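Geometric and topological summary
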Protein chains: 4
Amino acid sequence: MLEELKQAVFQANADLVAHNLITLTWGNASGIDRGGGLVVIKPSGVSYEAMSPADMVVVDLDGKVVEGRYRPSSDTPSHLQIYIAWPKVAGVVHTHSCCATAFAQACRAVPCLGTTHADQFYGEVPVTRPLTAEEVQAQYELNTGKVIVECFRLGRLDPMAIPGVVVANHGPFTWGGDADEAVKNAVALEAVAKMALATMQINPQVTPLARYILDKHYFRKHGPDAYYGQDHSD
Amino acid sequence: MLEELKQAVFQANADLVAHNLITLTWGNASGIDRGGGLVVIKPSGVSYEAMSPADMVVVDLDGKVVEGRYRPSSDTPSHLQIYIAWPKVAGVVHTHSCCATAFAQACRAVPCLGTTHADQFYGEVPVTRPLTAEEVQAQYELNTGKVIVECFRLGRLDPMAIPGVVVANHGPFTWGGDADEAVKNAVALEAVAKMALATMQINPQVTPLARYILDKHYFRKHGPDAYYGQDHSD
Amino acid sequence: MLEELKQAVFQANADLVAHNLITLTWGNASGIDRGGGLVVIKPSGVSYEAMSPADMVVVDLDGKVVEGRYRPSSDTPSHLQIYIAWPKVAGVVHTHSCCATAFAQACRAVPCLGTTHADQFYGEVPVTRPLTAEEVQAQYELNTGKVIVECFRLGRLDPMAIPGVVVANHGPFTWGGDADEAVKNAVALEAVAKMALATMQINPQVTPLARYILDKHYFRKHGPDAYYGQDHSD
Amino acid sequence: MLEELKQAVFQANADLVAHNLITLTWGNASGIDRGGGLVVIKPSGVSYEAMSPADMVVVDLDGKVVEGRYRPSSDTPSHLQIYIAWPKVAGVVHTHSCCATAFAQACRAVPCLGTTHADQFYGEVPVTRPLTAEEVQAQYELNTGKVIVECFRLGRLDPMAIPGVVVANHGPFTWGGDADEAVKNAVALEAVAKMALATMQINPQVTPLARYILDKHYFRKHGPDAYYGQDHSD
């Protein structure tokens, strides 16, 4: 079942490796079939070299395994919360890429310091609040997803305009219209986090990008008046 | 038309990837046929893997597409301003390479701290002023080109002696006698920006290179008395 | 003799190179056959490209060469002390990987600043005390092993819960249930050291991960209630 | 003539690229035939991809080209001064590798902060004084060589015990018993410079390695009582 989606999710996981975002098995990508309400995700703790599309695991939105010989990624409940909360999301990625994770560990949002960031994320990539002891002790991965959704709700942020977050003490999650878009956003987040750190080292007094440039860059690539790329659906 | 130039511009774009200056599709190279006044440039938002020489877009100096099935890079108007202002330039490159972009985001020139820099750029690589809200809202990419040219005019800088700039809040542009030379200058700019950051971390009080060493290094590679390389046109 | 173990130790040494942890010949991996009390280790100062499984050296726990045409790694006595002190260890790795070595040179433990670290190491990766002049002058490599074991004994640390250390002024050692696990822990230690440095640069006031998150992350991958990966022995 | 040496020098130049020490054409390796007093060196400004052993240039110790269709590296006079001053040196390498160059640009020696450094260099890798305006204006490259030799003479340093230097404002030179050893010392210098910078960022108060550890590490690899590697000539 869902062979095409399995292939896409497998490819997304392989692309994370190709983009040097993965150390050992630290990371996972998933995609959803919105029609059937089924999510395809990487198996837990299986090495990337040994993996094939057939090893992807199919779960429903309650986390019940529908198909697959492996256990799904232990982060599955976090992915599911994102799919449940945000109907336009159809792909989710989690990595421990170095610089985005460093911002997460520092409990700091990734500031928007330039047009590279503004092209991908409409403002700073927020940091969640830390989870409480209770949230960690029971249903930890589900609560990780909940705290991501809460972060956007309380901050009145649009998850399709800022398709990523850093979870305090933990690391980045990104998402998009499909698994491939979530991968590209993971690549972009690591790149802008690395640039932000270098920028802060060159000029510790640096301030966020002016709103008028942020608006220009974001809306030239996204939204009804976009003119970047080959067409608006690109 | 312009098959040779298309091949050269395609190769320049591929070389940017090979030199690890490109994340996703962030960057573009172009070249000009000065005889016909036509510019060949990378298509917008097309992935590097899928690209072939035939996909390069031909535009005139007003930005009108003369040939090509794709839309030209959205940065085309910036490239054109550089070609219009500086007749000796025949290749332009724009990237978001990490360290050069960090200087741009910090709104700081890349200081000339050693002979590696002096071999390529005759003094610091300047940073433009930030664009105003008006310049951003209408004809943004054209104004980006204009602010680059203004930066060199007001600073009385020779664009052939300092073949690069960092646009405030944005990132680096480089140029040269052809697209390949513009690529090499992009590689050099990223390398010297990375070294400059490390140098400032080792010695925060570091001062720019003395003028007599700058002159020596620059003129041993460039100008009528050059003795570096195999001949003066190299 | 011990052909399978030689193959595994050879592969572990090759994997260190593939994971970019090795400069020139700086590093070594070993494995033990607990039944026979024999250790297989990389030969000293032989280049990685020229090495084959048959070049691995077999020594007993006193360091006497049992088989092999080469001299064993000069770090062999350090490895042996670890095998002698900790019966559950069956693989040991020593590298000079950049960031873990930087913490060693700074005489600082690698702090546990996030869940990436907590997934692999149950708390900070400790730094040993510096060796005394006497310990250095005679039986230096043996004393290096002894100071590692002392560090865990005095700190009441479980070497299977924190399978790594940085030796003051020197560099990292890691270990595990076999040579491959020791390699993975070396990869993890370099990754978390690199992230820790970046985290400290973003937020110099960062504090260690709260105990309740450390416990959660460590025990979801390790121990009787682990639910990460495909089974508990994984 | 000197086909074997040309092959070795060609290989040394190729190895510098393989070790990621070279940006564009910035760097060169040479070797000497002490019997004939002839030096083989990389041609100036020729790309590494296009180069073959037959392109190496043969010069005598006065810098006169004895054989070769290309001009020798513009840094040839610096190499020659090293060969003239130090009879045990038979290979010289110059690069602009990032971290060693950053120490040069910061006009700081590369401090000996750990055993990785002590294994290769018997103490800090010194920085030369800056060249005067007169030394730069005439015979610049020859004076670069002279200031390296002066640095070791005035500091009473043994060039075979500390086979490298950073030239103020410029970059690293390394040397050794042949071109391959000079390459390995260039690799080591970049690695220890990178580690030193990270160490200083973790602990700004870090002090140099104690003399007793420096002695131990250096002399276990070098000199009559060496026990590292497969034999004393290794």
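See the structure shown above.
Residues numbered from 1 in each chain as written. Chains lettered and ligands numbered in written order. Predicted model: local features only at pLDDT ≥ 70, side-chain atom pairs only at ≥ 80, totals over all residues. Heavy atoms only, no water.

1. Regarding the sheet that holds strand β1 (residues 27-33) of chain D
Residue and element names in this part refer to chain D. For the record, the criterion: Pairing between strands is defined by DSSP: at least two bridges between them are needed. Secondary structure elements are defined from DSSP: runs of H or I of at least 4 residues count as helices, runs of E of at least 2 residues count as strands, and each element is numbered from the N terminus. A fitted line through C-alpha atoms represents every axis, and for helices the fit uses only the stretch in contact; the resulting angles, taken between N-to-C directions, go from 0 to 180 degrees. Residue contacts follow a heavy-atom distance rule, with two residues in contact if any of their heavy atoms lie within 4.5 Å.
Overall, antiparallel pairing links the seven strands, which are arranged β4-β3-β2-β1-β5-β7-β6 in an open sheet. Only two strands of the sheet have a single neighbouring strand rather than two, namely β4 (65-67) and β6 (164-167). Going from strand to strand, the sheet's axes swing by 25 degrees on average, the running direction of each strand aside. Bridge count for β6 against strand β7 (residues 171-176) is four bridges, and the pairing is antiparallel. Within β7, the residue paired with Val166 across the bridge is Pro172. In this fold helix α3 (residues 98-105) packs onto β5 (91-95), β6 and β7, with an angle of close to 115 degrees to the strand it touches most, β7. Taken strand by strand, helix α6 (residues 140-154) contacts β6 and β7, and its axis lies near 125 degrees from that of β6.

2. A look at the sheet that holds strand β7 (residues 171-176) of chain C
All names here are of chain C. The seven strands are arranged β4-β3-β2-β1-β5-β7-β6 in an open sheet whose pairing can be described as antiparallel. In this open sheet, the two edge strands, each paired with only one partner strand, are β4 (65-67) and β6 (164-167). Going across the sheet, the axis of each strand differs from the next one's by a mean of 25 degrees, ignoring polarity. In the packing of helix α1 (residues 3-18) onto the sheet, the strands contacted are β1 (27-33), β2 (38-41), β3 (57-60), β4 and β5 (91-95), and the crossing angle to β1 comes to about 155 degrees. Here helix α6 (residues 140-154) sits on the sheet in contact with β6 and β7, set at roughly 125 degrees to β6.

3. Describing a positive patch on the surface
What counts, and what does not: Residues qualify for a patch when their relative accessible area is over 30% and they have no salt bridge, like charges being joined within 9 Å and the nonpolar side chains of Val, Leu, Ile, Met, Phe, Trp and Tyr within 5 Å. Areas reported as accessible are Shrake-Rupley estimates using a 1.4 Å probe. Residue values count occlusion only from the protein chains shown. Salt bridge, as used here, is a side-chain nitrogen of Lys or Arg placed within 4 Å of a carboxyl oxygen of Asp or Glu. We treat Lys and Arg as the positive residues and Asp and Glu as the negative residues; His and chain ends play no part in the count. Each charge is placed at NZ for Lys, CZ for Arg, CG for Asp and CD for Glu. Exposed residues in this analysis have more than 50% of their type's maximum accessible area, buried residues have under 20%, and partly exposed residues fall in between, with area computed by a 1.4 Å probe over protein chains only.
A contiguous patch of positive charge on the surface is contributed by A:Lys194, B:Lys194, C:Lys194 and D:Lys194. Inspection of the secondary structure assignment puts B:Lys194 in helix α7 (residues 179-202). On the basis of relative accessible area, B:Lys194 is assigned to the partly exposed category, the value being 46%.

4. Quick notes on the relation of the copies chain B and chain A
Going by this rule: Least-squares superposition aligns the copies on the C-alpha atoms of those residues with pLDDT at or above 70 in both.
Mapping chain B onto chain A calls for a rotation angle of 90 degrees and an axial translation of 0.0 Å; the resulting RMSD is 0.0 Å. Here the transformation between the copies is reduced to the relation of a four-fold axis. Closest approach to the rotation axis among the C-alpha atoms of chain B is made by B:Gln201, whose C-alpha sits 5.8 Å away. In this assembly, only 3% of the residues forming the interface of chain B have copies in chain A that are likewise at the interface, indicating a heterologous arrangement.

5. A few points about the pattern of salt bridges
Tallying each qualifying case throughout the model produces 40 salt bridges over all chains. Ionic pairing is found between B:Lys184 and B:Asp180, a salt bridge with its closest N-O pair at 2.7 Å. Taken together, the residues span about one helical turn, with B:Lys184 and B:Asp180 both in helix α7 at a distance of four residues. According to the relative accessible area criterion, B:Asp180 is partly exposed, its value standing at 34%. Connected through salt bridges with shared partners, the residues A:Asp75, A:Glu141, C:Asp119 and C:Arg220 form a single ionic network.

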